[in-house]
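Topology and contacts: notes
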Amino acid sequence: MHLAYPTVVAALLFSVGVYGVLARRNAILVLMSVELMLNAVNLNLVTFDVWYRDRLHGGQVLTLFTIVIAAAEVGLGLAVVLLVFRNRQMIDVDRLRALSEDAEALEAAPRPAGRVPGGGEGTPEPAPEREEAAP
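All of the points below concern the structure found in this document. All values derive from a computational prediction rather than experimental measurement.

Moving on to the overall build of the chain. When helices and strands are counted, the chain shows four helices and zero strands. When the elements of the chain are put in sequence order from the N terminus, they spell out α-α-α-α. The buried share of the chain, reckoned over its 135 residues, is 17%. Pairs at least 24 apart in sequence give 47% of the contacts found in the chain among residues at least 6 apart. Accessible surface, the chain: about 10,500 Å² in total, of which carbon and sulfur atoms supply 66%.

Turning next to the side chain of Asp49. By the element assignment, Asp49 lies in helix α2 (residues 27–52). Non-local contacts of Asp49, meaning those with residues more than four positions away in its chain, are made with Asp54, His57, Gly58, Gly59 and Gln60.

Summed over all chains, the structure comprises one aromatic pair. Ring geometry for Phe48 against Tyr52: centres 6.3 Å apart, planes inclined by 25°, an arrangement best described as stacked. Separated by four residues within a single helix, Phe48 and Tyr52 lie in helix α2, roughly one turn from each other. Classification of Phe48 as partly exposed rests on a relative accessible area of 30%. Assessed through its relative accessible area of 61%, Tyr52 is described here as exposed.

This part is about α2. The terminal C-alpha atoms of α2, which comprises 26 residues, lie 38 Å apart, in line with the 38 Å expected from a rise of 1.5 Å per residue. Those residues of α2 not exposed but buried are Ala27, Val30, Leu31, Ser33, Glu35, Ala40, Asn42, Thr47 and Asp49. In this structure, the buried side of α2 is in contact with α1 (4–23) and α3 (58–88). The backbone nitrogen of Ile28 has a side-chain oxygen 3.2 Å away, supplied by the residue at the start of α2, namely Asn26. Just downstream of α2 lies Arg53, where phi reads positive at about 50°.

Attention shifts here to the environment of Ala11. Tracing the backbone through its elements, the reader meets Ala11 in helix α1. It is 6.9 Å that separates the C-alpha atoms of Ala11 and Ala40, two residues lying 29 residues apart in sequence.

Quick look at the packing of α1 against α2 now. Between α1 and α2, the least distance of the axes is 8 Å, while the angle of their chain directions is 160°. In terms of their interaxial angle, α1 and α2 are classed as roughly antiparallel. Handedness of the α1/α2 crossing: left-handed. On α2, the residues that touch Pro6, Thr7, Val9, Ala10, Leu13, Phe14, Val16, Gly17, Val18, Gly20 and Val21 of α1 are Val30, Ser33, Val34, Leu36, Met37, Ala40, Val41, Leu43, Asn44, Thr47 and Phe48.

Count 3.6 residues to each turn of an α-helix, and residues three or four apart come out pointing the same way. End to end, α1 covers 28 Å across 20 residues, agreeing with the expected 28 Å (1.5 Å per residue, within 8%). Those residues of α1 that sit buried are Pro6, Ala10, Gly17 and Gly20. End-on, the buried residues of α1 take up no more than an arc of 85°, which puts them together on one face. Exposed residues on α1 whose side chains face more than 90 degrees from its buried face are Tyr5, Leu12, Tyr19 and Leu22. Each element contacted by the buried residues of α1 is listed here: α2.

Reading the values: the criteria
Numbering of residues begins from 1 in every chain and follows the order in which that chain's sequence is written. Since the coordinates come from a predicted model, pLDDT governs what is reported: local features require at least 70, and pairs of side-chain atoms require 80 or more to be given and counted, while whole-chain, interface and lining totals use all residues. To get the side-chain values, take all heavy atoms of the structure and skip hydrogens and water. Segments assigned H or I by DSSP are reported as helices when at least four residues long, segments assigned E as strands when at least two residues long, and all are numbered from the N terminus. Only protein chains enter the accessibility calculation, which uses a 1.4 Å probe; a residue whose area is less than 20% of its type maximum is buried, one above 50% is exposed, and one in between is partly exposed. Whether two residues touch is decided by their heavy atoms; if any such pair falls within 4.5 Å, the residues are in contact. Calculation of accessible area relied on Shrake-Rupley with a 1.4 Å probe; when residues are assessed, cover is drawn exclusively from the protein chains displayed. Working definition: a ring pair exists when centres of Phe, Tyr or Trp rings (six-membered ring for Trp) sit within 6.5 Å. Plane angles under 30 degrees give stacked, over 60 give edge-to-face, the rest tilted. To estimate how far a helix should extend, the number of its residues minus one is multiplied by 1.5 Å. The term polar contact refers here to a pair of N or O atoms within 3.5 Å; inside protein, the definition further demands a hydrogen-donor-capable atom paired with an acceptor-capable atom, and it admits residues adjacent in sequence only when both atoms are side-chain atoms. Each axis is a line fitted through C-alpha atoms, and for a helix only the stretch in contact is used; angles between axes span 0 to 180 degrees, taken between their N-to-C directions. Orientation labels follow simple angle bins: below 35 degrees gives roughly parallel, above 145 gives roughly antiparallel, 65 to 115 gives roughly perpendicular, and whatever is left gives oblique. Whether a crossing is left-handed or right-handed is set by the direction in which the near helix is turned from the far one by less than a right angle, anticlockwise for left-handed and clockwise for right-handed. This arc is taken over the directions from the axis of the helix to the C-beta atoms.

Here it is, written out as structure tokens:
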């Protein structure tokens, strides 16, 4: 096996991942792009481990550590994305630069019907007050 083939594939994977991180606005797609970059690193680790014929298989061990770290990163990243979506009803990375919730951002963000701004999920909106006509 030539060393160039898997190295070129890993470089292409890493390039697609970098493009996805820089060009995408959706947080889920950014997480997937980071995963592509980690898989490119894993491919290089295994390739050079096989090329150098390491008896301890250090590249494969490092690949296992990278896979474990990637799994933890995906779990925490998806938890953060879900919490941000619950609070702000969007996961656009460019609009999430500020951590504070100012009044302009809350008024500008569209809210789905049936939700109260301060209430939890499934909380019904309060009924509008009726003016009773005098008899």
